[in-house]
Amino acid sequence: KQEVTQIPAALSVPEGENLVLNCSFTDSAIYNLQWFRQDPGKGLTSLLLIQSSQREQTSGRLNASLDKSSGRSTLYIAASQPGDSATYLCAVKLTFGKGITLSVRP
Amino acid sequence: NAGVMQNPRHLVRRRGQEARLRCSPMKGHSHVYWYRQLPEEGLKFMVYLQKENIIDESGMPKERFSAEFPKEGPSILRIQQVVRGDSAAYFCASSPRYVSGDHNEQFFGPGTRLTVL
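This one's a predicted model, so the numbers in the text were calculated from it and none came from an experiment.

**Q** Could you give me a rundown of the overall build of chain A, with the residues and numbers involved?
**A** Looking only at helices and strands, chain A has zero helices and eleven strands in total. Counting from the amino terminus, chain A carries its helices and strands in the arrangement β-β-β-β-β-β-β-β-β-β-β. Computed over the C-alpha atoms, the radius of gyration of chain A is 13 Å, within 12% of the 13 Å expected from 2.2 N^0.38 for a compact globule of 106 residues. Expressed as lengths along the three principal axes of its C-alpha atoms, the size of chain A is roughly 40 × 25 × 20 Å. Across the 106 residues that make up chain A, the buried fraction comes to 44%. Sequence separation of 24 or more characterises 53% of the internal contacts of chain A that already satisfy a separation of 6 or more.

See the structure below:
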C-alpha cells in the first residue's frame, strides 16, 4: 500500500527566502508524481506533474525533482512571496500526503 | 475552457437525508475521481470512474455511498442516510485518457462542503 509523507506539517519563512518542500513515498513503482497547492477553503491547483522518466520539472519559480529509487520528491520555491502562502500537497497513485502549510511572512 | 465544475458548493443535510453531489469534468476528460477531505485525515481517494464504468471503488465505504458517471451528464456521488461523520469537503478531479499504466494529470474542482446537522 502506497504511503506518502510530507514533513514538516507547517513551515514559516520570511519573504524572499528560497525553500524546499519534501515528499517521500513508500512504493517506488510509480509513473508520475504531482504537486498541488491548496488555499484555505478552496480546491487543489495543479502545480507540476513530473513523470518517472524525468528528474525534474520547472514552472516559473517552482522546480520539482523526483528520485524514484529513493522514494523522494522535492518542490523548490525560489524567492518566496506572501502570495505563496498555502498548503502544498504531493500525490502518487491516488494517494496524497497530508500537505505542508507554508506561511511566507512579509 | 471551463475547469472542473462541482455543485452545490455547500450542502446542508439533516441526519438520515440523502446528499447528492455533482461533478462535471473538464471538456475532453473522460476520467473522474472523487476524494473526501477531513481536517485531520487529509485527502482520501474514494472512487475512480470512466464513462458508464466504475474502475476502482476501493476507497469508498461499502454502505450508503455510491457513484456513477453516465454517458450523458455529470458524475454523481450519492450518500444515503447521512450521518454527522459524513461532514467533509468532497472533491472531484478529472483527467484525460489513462496512459502508461498509471493515472494522468488530475485537475480538481472547487469541492462541495457537506455539513450534516
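**Q** How would you sum up the interface of chain B and chain A? Please name residues and give values.
**A** Contacts between the two partners involve 19 residues from chain B and, on the opposite side, 16 residues from chain A. At the junction of chain B and chain A, the tally comes to zero salt bridges. Our count for the contact surface shared by chain B and chain A stands at five residue pairs in polar contact (both at pLDDT 80 or more). Mapped onto the side of chain B that touches chain A, the elements with two or more residues apiece are β4 (31-38) and β5 (42-50) of chain B.

**Q** Can you lay out the pattern of salt bridges for me, pointing to particular residues and giving the numbers?
**A** Residue and element names in this part refer to chain A. Tallied over the entire structure, the rule returns six salt bridges over all chains. K93 is the salt-bridge partner of D27, the closest N and O atoms lying 3.9 Å from each other. Within this pair, whereas D27 is found in the loop between β3 (19-25) and β4 (32-38), its partner K93 is found in the loop between β9 (86-92) and β10 (95-96), the two being separated by 66 residues in sequence. Residue classification places D27 among the partly exposed residues on the basis of a relative accessible area of 29%.

Calculation notes
Residues numbered from 1 in each chain as written. Chains lettered and ligands numbered in written order. Predicted model: local features only at pLDDT ≥ 70, side-chain atom pairs only at ≥ 80, totals over all residues. Heavy atoms only, no water. Helix = DSSP H or I, 4+ residues; strand = E, 2+ residues; numbered from the N terminus. Rg over C-alpha atoms; globule rule 2.2 N^0.38 Å. Buried < 20%, exposed > 50% of the residue type's maximum accessible area, 1.4 Å probe, protein only. Contact = heavy atoms within 4.5 Å. Salt bridge = Lys/Arg side-chain N within 4 Å of Asp/Glu carboxyl O. Polar contact = N/O pair within 3.5 Å; in protein donor to acceptor, adjacent residues only side chain to side chain.

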